[in-house]
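Coordinate inspection notes
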Amino acid sequence: MAMTTLAPVQRLRLLRELERKVLWLSAWTIHHANHVRPNRDGLKVGGHQASCASLATVLSALYFSILKPEDRVAVKPHASPVFHAIQYLFGHQTREKLERFRALGGAQSYPSRTKDIDDVDFSTGSVGLGAAMTLFASIVQDYVRLKALGDGERPTGRMVALVGDAELDEGNIFEALLEGWKHDVRNLWWVIDYNRQSLDGVVNDRLFGRIGEMFELVGWRVVTLKYGKLLEAAFAQPDGEHLRQWIDDCPNSLYSALVFKGGAGWREALTRDLNQYPGVRRIVEQHDDAQLHRLMTNLAGNDMQAVVDAFEGVTDDTPTCFIAYTIKGQGLPFAGHKDNHSGLMTVDQMTGFKKGMGIADGEEWARFAGLKADPAELQAFLDAAPFNARGKRRTSAPVVALPPALPRPSDRKSSTQEGFGKILNAIAAEDSELARRIVTTSPDVTVSTNLGAWVNRRGLWAHTEAEDVFRELKVVSAQLWRKTPRGQHIELGIAENNLFLQLAALGLSHEIFGARLLPIGTLYDPFIARGLDALNYACYQDSRFMLVATPSGVTLAPEGGAHQSIGSPLIGIGQPGLLSYEPAFVDELAVLMRHGFDYMQQEKGGSVYLRLSTRSLPQPERSLSPEQQDDIVAGGYWYAPPAPGTDIAIVAMGAVTPEAVAAHESVARDFAGAGLLVLTSPDKLHADWLAAQRNRGRTTGMVDRTPAAIERLLAPLSRDARIVTVMDGHPLALSWIGSVRGQRVVPLGIEQFGQSGDIPDLYKTYRIDTAAIVDAVARAL
Ligand SMILES: Cc1ncc(C[n+]2csc(CCOP(=O)(O)OP(=O)(O)O)c2C)c(N)n1
Ligand SMILES: [Mg+2]
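Predicted model only: the values in this text are computed from it and were never measured. (Residues numbered from 1 in each chain as written. Chains lettered and ligands numbered in written order. Predicted model: local features only at pLDDT ≥ 70, side-chain atom pairs only at ≥ 80, totals over all residues. Heavy atoms only, no water.)

**Digging into the layout of surface pockets**
Rules: The definitions used throughout rest on a 1 Å grid laid over the protein atoms alone, on which a cavity is an enclosed set of points accommodating a 1.4 Å probe that cannot get out and a pocket is an open set flanked by protein within 12 Å on both sides along at least five of seven lines; lining residues are those having an atom within 4 Å of a point. Grid points are joined across faces, edges and corners, and a volume is the space filled by probe spheres set on the points. Numbering of helices and strands runs from the N terminus, with a helix taken as a DSSP run of H or I at least four residues long and a strand as a DSSP run of E at least two residues long. Residue polarity is assigned by list, with Asp, Glu, Lys and Arg as charged and Ala, Val, Leu, Ile, Met, Phe, Trp, Tyr, Cys and Pro as nonpolar; anything else, Gly included, falls into the polar class.
Its volume calculated, the largest pocket comes out at about 910 Å³. What lines the largest pocket is a set of 33 residues, and nearest its centre among them are E19, R294, N302, Q330 and G331. Contributing elements (two or more residues each) for the lining of the largest pocket: α1 (8-36), α2 (49-66), α8 (229-235), α10 (252-261), α13 (289-296), α14 (304-312) and α15 (347-356). Of the residues that constitute the lining of the largest pocket, the class distribution is 14 nonpolar, 11 polar and 8 charged.

**Remarks on the packing of aromatic side chains**
How we decide: The aromatic pairing rule takes the rings of Phe, Tyr and Trp, using the six-membered ring of Trp, and pairs them if the centres are within 6.5 Å, calling planes under 30 degrees apart stacked, those over 60 edge-to-face and the rest tilted. Working definition: with a 1.4 Å probe on protein chains only, accessible area under 20% of the residue-type maximum means buried, over 50% means exposed, and in between means partly exposed. When the NZ atom of lysine or the CZ atom of arginine is within 6 Å of a ring's centre and also within 35 degrees of its normal, the charge is said to sit over that ring.
Under the defined criterion, the tally for this structure stands at 20 aromatic pairs. Relative to F387, the ring of F90 has its centre 5.8 Å away and its plane inclined at 15°; by these criteria the two rings are stacked. In this pair, F90 is assigned in helix α3 (residues 80-90) and F387 in the loop between α16 (375-383) and β6 (413-414), connecting sequence segments 297 residues apart. In this structure F90 comes out as buried when scored by relative accessible area, which is 12%. Summarising the aromatic geometry, the rings of W689 and W736 are spaced 5.4 Å apart at their centres and angled 25° between planes, so their arrangement reads as stacked. Highlighted residues: W689 in helix α28 (residues 682-695) and W736 in the loop between α30 (732-735) and α31 (738-741), separated in sequence by 47 residues. W736 shares its class with W689; the two are buried. Among the aromatic side chains, those forming a connected cluster through ring pairs are Y63, F64, F83, F90 and F387. In this structure, R102 is placed above the aromatic ring of Y110, and the distance from its NZ or CZ to the ring centre is 5.6 Å.

**Structural notes on the site of ligand 1**
Worth spelling out the cut-off: Proximity is defined per residue: any heavy atom of the residue falling within 4 Å of a molecule or strand makes that residue near it. In protein, a polar contact requires one atom able to donate a hydrogen and another able to accept it; more generally it is a pair of N or O atoms within 3.5 Å, and residues adjacent in sequence count only if both atoms are side-chain atoms. In this description, accessible areas are obtained by the Shrake-Rupley approach with a 1.4 Å probe, and a residue is regarded as covered only by the protein chains that are shown.
Close to ligand 1 lie 18 residues, the nearest being S51, K76, D165, Q197 and K328. Between G125 and ligand 1, the recorded distance is 3.0 Å, taken from a backbone N or O atom to a nitrogen atom. Here ligand 1 loses 76% of its free accessible area of 580 Å² to cover by the protein chains. Of the residues belonging to the shell around ligand 1, the class tally is 3 nonpolar, 9 polar and 6 charged.

**Observations concerning the packing of helix α9 (residues 240-249) against helix α11 (residues 263-274)**
Here is the rule we go by: Each axis is a line fitted through C-alpha atoms, and for a helix only the stretch in contact is used; angles between axes span 0 to 180 degrees, taken between their N-to-C directions. Should an angle fall under 35 degrees it is called roughly parallel, over 145 degrees roughly antiparallel, and 65 to 115 degrees roughly perpendicular, with every other angle called oblique. The hand of a helix crossing depends on one turn: near helix anticlockwise from the far one by less than a right angle means left-handed, and clockwise means right-handed. When checking whether two residues touch, look at their non-hydrogen atoms; a contact exists if any pair is within 4.5 Å.
The geometry of α9 relative to α11 is characterised by a closest axis approach of 12 Å and an angle of 110° between their N-to-C directions. By the angle between their directions, the pair α9 and α11 is classed as roughly perpendicular. Crossing angle aside, the handedness with which α9 passes α11 is right-handed. Residues H242, L243 and W246 of α9 lie in contact with α11, whose contacting residues are W266, A269, L270, D273 and L274. Its residues placed into classes, the contact of α9 with α11 shows 6 nonpolar, 1 polar and 1 charged.

**Things to note about the sheet that holds strand β20 (residues 744-748)**
The condition that has to hold: We treat two strands as partners when DSSP finds at least two bridges between them.
Strand order in the open sheet formed by 5 strands is β16-β18-β17-β19-β20, and the pairing between neighbours is mixed. In this open sheet, the two edge strands, each paired with only one partner strand, are β16 (636-640) and β20. Averaged over all adjacent pairs, the angle separating strand axes in this sheet is 25°, with direction ignored. Two elements, β16 and strand β18 (residues 675-679), share 4 bridges in a ladder whose sense is antiparallel. The residue of β18 that forms the bridge with W638 is L677.

**With respect to unusual backbone geometry**
The linkage connecting T550 with the following residue, P551, adopts the cis geometry, with an omega of -5°. Even without a glycine there, the phi angle at D239 is positive, about 70°. Note that D239 resides in the loop between α8 and α9. Within the chain, R767 stands out as a residue other than glycine whose phi angle is a positive 60°. Inspection of the secondary structure assignment puts R767 in the loop between α32 (759-765) and α33 (770-780).

**Topic: the sheet that holds strand β2 (residues 159-164)**
Taken in spatial order, the 5 strands of this open sheet run β1-β2-β3-β5-β4, and their pairing is parallel. Unpaired on one side and paired on the other, β1 (72-74) and β4 (221-225) mark the two borders of the sheet. Neighbour to neighbour, the strand axes of the sheet diverge by 15° on average, direction disregarded. The sheet contact formed by β4 and strand β5 (residues 320-325) spans 5 bridges and is parallel. Counterpart to R221 in the pairing with β5 is T320. Each of β3 (188-194), β4 and β5 is contacted by helix α7 (residues 205-217), which is oriented at about 180° to β3, the strand it contacts most.

**Points about the nonpolar core**
Across soluble globular proteins, nonpolar side chains show a tendency to be buried alongside one another. Applied cut-off: Nonpolar core, defined: a set of buried Ala, Val, Leu, Ile, Met, Phe, Trp, Tyr and Cys residues in which side-chain atoms within 4.5 Å join the residues together.
Ranked by size, the top nonpolar core spans 86 residues in total, and within it L135, W190, W246 and L547 carry the most contacts. The element best represented in this core is helix α5 (residues 129-146), accounting for 11 residues. Counting 74 residues, the second largest nonpolar core, distinct from the first, contains V22, V75, W189 and V308.

**Some thoughts on the side chain of H48**
Relative to the helices and strands, H48 is located in the loop between α1 and α2. Non-local contacts of H48, meaning those with residues more than four positions away in its chain, are made with I30, H78, R102, Y110, H341 and S342.

And the structure:
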């Protein structure tokens, strides 16, 4: 049965049936996990039956009828069981995974791109981020389309977010909306599940009075789905407008409480407040309790026809916010109760619910049990859903070939930040696939992170051409800010959270839009903390990008304590999905950037974080052998190799390396064999060390004796050698090295908030200067 041949009323009938099934399956999946599956640890498994119920109509309408293969969706995290139920009906999710909902290997609590099998487009979990992600994905869709970087004739899709109303309390939503306005975003649908309840209770009435206006302010169309078809019909009756006014004026908390109380409660309230209107009296009298409850809770977001009409009413690419009035827990015993967020139906309630759904014992997972429609008809309807028209929706894209080496600037003195700018500038000058696939973005620190030369060559990205006015008026400036659809830099306002969401979306382009991109985002290292949750969110869904953070540490000196980063190397170590490096020299950086572009494209790769510095250092005159390059990628190399069996070594990372070199020269006068180890990545060394230990685990039966890089590096030192580590960051990042072979470490680094100063003063104050290193060596011995 093709969709086109189905009359609207037939479609509506089948959609309502499937909506019932989706409501049942989502509630049952959660119930099963909590009450049927054996519980081994006594911990509540949880799940959100009420939050699922409020979205069952909207999600059913979208997936079974409205969505097309090119659309991409972020589902409100706690509606995950609804999503999985829909995919189960489509045949994309298994009963086994649903039975193991929230258990190891089962369907995930919150939709996950990496852990779920049913083709999740965007992971969600941290409220607010999923919605914003769709906005940045729409920018990526346009970026890729305008440059024809994709895999062929993929039609432009809509980026759809199902958003809880309380998610709009998250500031990142508004940061994203403003950025979206600047970039003229298109093809965005945000459906707000306006159930007027959050986790703790009922949402403040004052807030939503303004929400619609805020969307309109930034160019969105607002479609309000307030009253369902039953209520609209009641309003059309004599005195009906008083009933409408009464509901319009009803505070969120009162409405929710009445929803919970049901028919008798409505009767009492309406009789008390509207008895003077004969028309309303008649409506109240003509409905029994159950009918009155059904009428008074007939909100448009839970009314299939109203929902379908609203979605089908939007046919252009204007970003659209649907404010869908719904009831949290609609159709369930605790509908409307303010404490229902994590409430679960009791076993008795579930028994009643199951009966009401017409489902016999043992048929709980049966796909069409309890539905009135003919199973063959339902199956045909599912098979014809436009959403599935092109099979699996996740795309792939070929790997971009890399040159054997990236261009390496030859300055005798340079900072890693300057080197970064020059390497990119040299890439920009080439006509290569690498140059074409790089896209840069920065939250208003493009120039101060040395992206300027790249942008001058490759241009700013925008939907339409715009000349640089300063240039046209012949005002001299080092920066050319010409905007074109061909541009390769996406300039963002100062909101680091947006940077990470933009990177998250760019870094998934190969899997979402079939276009490989090599995204690079730059920001000041301390402000990683500003967007940390969004960074984590990006890594959680395995997005691939290069994060260039500069300046860093106290080495940015006069900028002062407010801009100095201390804990960021620990973030680099602690963040899964993000491989971090902190090179000292520009030749190392060139090796690491090349490795980064490669690693970002490997199946088992990830994103890369380069912590750079503005401190200009004399560059070593050397050409790196392949082995040295491998060491740099592996995390470190002996700058001054130790004599075998030596008792002392200095380990340095990043901008403080010259201090370590000077200290080493001084120490070597007394201890001829002392070594100087320069690290590029404690993150990589630590991870490989742990992996090597796991490979030797007795229980795994593996006997891989290959030493980890750090074991190999420390091997020449004597068993009880003393090691002094030094870096411009928290010393914990390196102090673990003492555990590798049980050698004693004296770690130097930054543990306090900084302050303004020059490098000599600050290094002295925070004890990472040459004298402090020499002193630490003396103490260690
Ligand atoms: C960043 C973040 N903070 C807190 C939570 C915990 N949390 C999950 S759902 C929720 C309430 C959401 O309410 P709403 O968005 O209105 O959803 P609904 O009413 O549909 O359940 C909260 C606080 C979270 N998931 N993410
Ligand atoms: Mg809510």
